[in-house]
Amino acid sequence: MPLQVAEPSQAQVQALLETWLAAKAAVLAGGESPVPLDSMARQGEIAYLQQQRRESAARQQTLKLNTTVTNLTIEARSPRRIAALVSLRYSSQPINAAGAPAGPAAQADLRNRYVFGRDGDTWRVVSFSPLR
């Protein structure tokens with residue numbers, strides 16, 4: 001579901017982010033993204049996700065991840081860049097090869113800044129950083 005409108009609404013930006021987060025969860029769980037990763041994120045974010053998956057696989061683990069966007073506010077906008085302040089409810093659980101928990105579960109309410117960039121006609125996740 002590439003986002004290909006010149007000036008996406010806040011709801012469209014949130015939908016792109018939620019699709020990306022669902023794709024990340026699928027990959028970290030050992031599966032495939034239902035949407036091509038390069039239609040949602042730039043190569044740096046994809047490479048970081050793939051590195052996380054390789055590290056889990058080396059430990060013979062997957063990661064059960066659940067992320068819910070609870071609030072998204074556009075902070076800055078230009079024709080090729082959007083910055084959004086995002087509140088998330090996050091939980092994760094490492095899973096071993098037998099399908100059992102492989103460590104403690106983590107839960108947190110997070111606040112991140114996500115940056116989206118427009119490449120040609122397509123908006124993609126460029127980066128994220130935690131807010132203090």
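Residues numbered from 1 in each chain as written. Predicted model: local features only at pLDDT ≥ 70, side-chain atom pairs only at ≥ 80, totals over all residues. Heavy atoms only, no water.

A. How the structure looks around the overall build of the protein. Counting secondary structure elements, the protein contains two helices and four strands. In the protein, the succession of helices and strands from N to C terminus is α-α-β-β-β-β. Since a compact globule built from 132 residues should have a radius of gyration of about 14 Å, the 15 Å found for the protein is in line with a globular shape. Taken along its principal axes, the extent of the C-alpha atoms in the protein is 45 × 30 × 20 Å. For the protein, the share of sequence-separated contacts (at least 6 apart) that also reach a separation of at least 24 residues comes to 54%. (Helix = DSSP H or I, 4+ residues; strand = E, 2+ residues; numbered from the N terminus. Rg over C-alpha atoms; globule rule 2.2 N^0.38 Å. Contact = heavy atoms within 4.5 Å.)

B. Representation of the packing of aromatic side chains. Enumeration according to the criterion identifies one aromatic pair in this entry. Geometrically, the ring pair formed by Tyr114 and Phe128 is stacked, given 5.5 Å between the ring centres and 25° between the ring planes. A residue pair is termed long-range when its members are at least 10 positions apart, and Tyr114 in strand E3 (residues 106–119) and Phe128 in strand E4 (residues 122–130) qualify at 14 residues. (Phe/Tyr/Trp six-rings, centres within 6.5 Å; stacked < 30°, edge-to-face > 60°.)

C. Up close: helix H1 (residues 10–28). For H1, spanning 19 residues, the distance from its first C-alpha to its last is 27 Å, which sits close to the expected 27 Å at 1.5 Å a residue. Buried-residue contacts for H1 involve helix H2 (43–58), strand E1 (61–78), strand E2 (81–96), E3 and E4. (Expected span 1.5 Å × (residues − 1).)

D. Expanded view of unusual backbone geometry. With a phi close to 55°, Gln60 is a non-glycine residue in the positive phi region. Checked against the element boundaries, Gln60 lands in the loop between H2 and E1. With relative accessibility at 59%, the residue Gln60 sits in the exposed group. (Buried < 20%, exposed > 50% of the residue type's maximum accessible area, 1.4 Å probe, protein only.)

E. The arrangement of the environment of Ser92 in detail. Position of Ser92 among the secondary structure elements: in strand E2. When residues no more than four places from it in sequence are discounted, the contact partners of Ser92 are Leu63, Lys64, Leu65, Ala105 and Ala106. Engagement of the side chain of Ser92 in a polar contact is seen with the side chain of Tyr90, the distance being 3.3 Å. (Polar contact = N/O pair within 3.5 Å; in protein donor to acceptor, adjacent residues only side chain to side chain.)

F. Representation of the pairing of E4 in the model. Sheet analysis places E3 next to E4, joined by eight bridges and oriented antiparallel. Note on E4: the bridge partner recorded for Arg118 is Trp123. If you look at the hairpin formed by E3 and E4, you'll find two residues sitting between the two strands, and Gly120 has a positive phi there, around 65°. (Pairing = 2+ DSSP bridges.)

G. Seen up close, the pattern of salt bridges. A full pass over the atoms with the stated rule returns five salt bridges. With its nearest N and O atoms 3.2 Å apart, the salt bridge here joins Arg89 to Asp109. Of this pair, Arg89 sits in strand E2 while Asp109 sits in strand E3; the two residues are 20 residues apart in sequence, bridging distant segments of the chain. Note on Arg89: relative accessible area 49%, which makes it partly exposed. A single network of salt bridges, built from pairs that share partners, joins Arg42, Asp119 and Arg124. (Salt bridge = Lys/Arg side-chain N within 4 Å of Asp/Glu carboxyl O.)

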